[in-house]
Amino acid sequence: DRGEKWCYVCVCVFVFFCQAEDGIRDRLVTGVQTCALPIFENVFARHARHGEATRRAIETWGLETVCRDPREHSDSLTAVMLPDGVDADAYRRVVLDAFNMSLGNGLSKLQGKVFRIGHLGDFNDLMLVATLGGVEMGFELAGVPHAKGGVQTAMDYLCDGDSAKGSVRAAG
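Because the structure is a prediction, the values reported are computed rather than measured.

Trainee: Teacher, can you tell me more about the pattern of salt bridges here?
Mentor: Side-chain pairs of opposite charge can arise whenever the charged atoms involved come near each other. Counted by the stated rule, this structure contains seven salt bridges. The shortest N-O distance in the salt bridge between Asp-69 and Arg-71 comes to 2.8 Å. With relative accessibility at 25%, the residue Asp-69 sits in the partly exposed group. Using a relative accessible area of 72% as the deciding quantity, one classes Arg-71 as exposed. What you see here is one network of salt bridges that share partners, running through Glu-52, Arg-55, Arg-56 and Asp-75.

Here is the structure:
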């Protein structure tokens, strides 16, 4: 994403010149704020959209996230609880072998019980839909009990007029 790269350049310039004289430093800070803050807002908004789309897919599949309090949901990563008796690490291996797609593992007490979906950084709507498609196809291949349609739910949310504001859309 061009904006994120420009933002990175601004931050690097800021760090490089942080030892500059006060007047120069003040002008540099103002420039970075003017250029970078709107870009950061767009990045954070995209992460929030992707987190919400992912959570909606999980709900449609009839599964749960590890996070129980919606106010605490992460916009960068979602941990998905698999049904009792389903080995999340075995499921992740199926997805990796079938689609060359790596899902995060559960940590500590959640090892083998959850997998993690990352949805941050240089990541767009199409990448998220493809990731969720790999997850749902993996459920079928691995025999994970679930309801179908999570990917469609996420796509519906991402294409909704209110949700899609600010995302790049093709003309025509």
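Don't stop here, the text continues.
Trainee: Looking at this model, I keep getting lost on the packing of helix H3 (residues 88–99) against helix H4 (residues 125–142). Mind explaining?
Mentor: At a minimum axis distance of 9 Å, the contact between H3 and H4 shows a crossing angle of 110°. Of the possible angle classes, the one that applies to H3 and H4 is roughly perpendicular. Remark: the crossing between H3 and H4 carries right-handed chirality. For the pair H3 and H4, the contacting residues are Tyr-91, Val-94, Val-95, Ala-98 and Phe-99 in the first and Gly-134, Val-135, Met-137, Gly-138, Phe-139, Leu-141 and Ala-142 in the second.

Trainee: In this structure, what is going on with the pairing of strand S2 (residues 77–81)? I would like to understand it.
Mentor: Consecutive residues of a regular strand have side chains that alternate between opposite faces of the sheet. Across two bridges, the pairing between strand S1 (residues 64–65) and S2 is antiparallel. The partner of Glu-64 across the bridge, within S2, is Met-81. Sheet analysis places S2 next to strand S4 (residues 114–118), joined by five bridges and oriented antiparallel. When the bridges of S4 are listed, Ala-79 appears paired with Arg-116.

Trainee: When you look at the sheet that holds S1 in this model, what are you seeing that I'm missing?
Mentor: Where strands meet in a sheet, backbone hydrogen bonds hold them as pairs that are either parallel or antiparallel. Taken in spatial order, the four strands line up as S1-S2-S4-S3 in an open sheet, and their pairing is antiparallel. Either end of the sheet is taken by a strand with one partner, and the two such strands are S1 and strand S3 (104–105).

Trainee: Before we go on, may I ask you to explain the environment of His-119 in this structure?
Mentor: Structurally, the position occupied by His-119 is in the loop between S4 and H4. The class for His-119 is buried, based on a relative accessible area of 0%. Separated by 42 residues in sequence, His-119 and Leu-77 have C-alpha atoms that sit 5.8 Å apart. Those residues within four positions of His-119 in sequence are excluded, and the remaining contacts are His-47, His-50, Gly-51, Thr-54, Ser-74, Asp-75, Ser-76, Leu-77, Thr-78 and Leu-128. Side-chain polar atoms of His-119 contact the backbone oxygen of Asp-75, separated by 3.1 Å. For His-119, the side chain forms a polar contact with the side chain of Thr-78, separated by 2.7 Å.

Trainee: What is the right way to read H3 from this model?
Mentor: Given 3.6 residues per turn, any residue in an α-helix points the same way as the ones three and four places further on. Between its first and last C-alpha, H3 extends 16 Å over 12 residues, near the 16 Å set by a 1.5 Å rise per residue. Of the positions making up H3, those classed as buried are Ala-88, Asp-89, Tyr-91 and Val-95. An end-on view of H3 places all buried positions within 155° of arc, on one side of the element. In this fold, the buried residues of H3 make contact with S3, S4 and H4.

Parameters at a glance
Residues numbered from 1 in each chain as written. Predicted model: local features only at pLDDT ≥ 70, side-chain atom pairs only at ≥ 80, totals over all residues. Heavy atoms only, no water. Salt bridge = Lys/Arg side-chain N within 4 Å of Asp/Glu carboxyl O. Buried < 20%, exposed > 50% of the residue type's maximum accessible area, 1.4 Å probe, protein only. Axes fitted to C-alpha atoms, helices over the stretch in contact; angles between N-to-C directions. Helix = DSSP H or I, 4+ residues; strand = E, 2+ residues; numbered from the N terminus. Parallel < 35°, antiparallel > 145°, perpendicular 65-115°, else oblique. Left-handed = near helix turned anticlockwise from the far one by under 90°. Contact = heavy atoms within 4.5 Å. Pairing = 2+ DSSP bridges. Polar contact = N/O pair within 3.5 Å; in protein donor to acceptor, adjacent residues only side chain to side chain. Expected span 1.5 Å × (residues − 1). Arc of directions from axis to C-beta.

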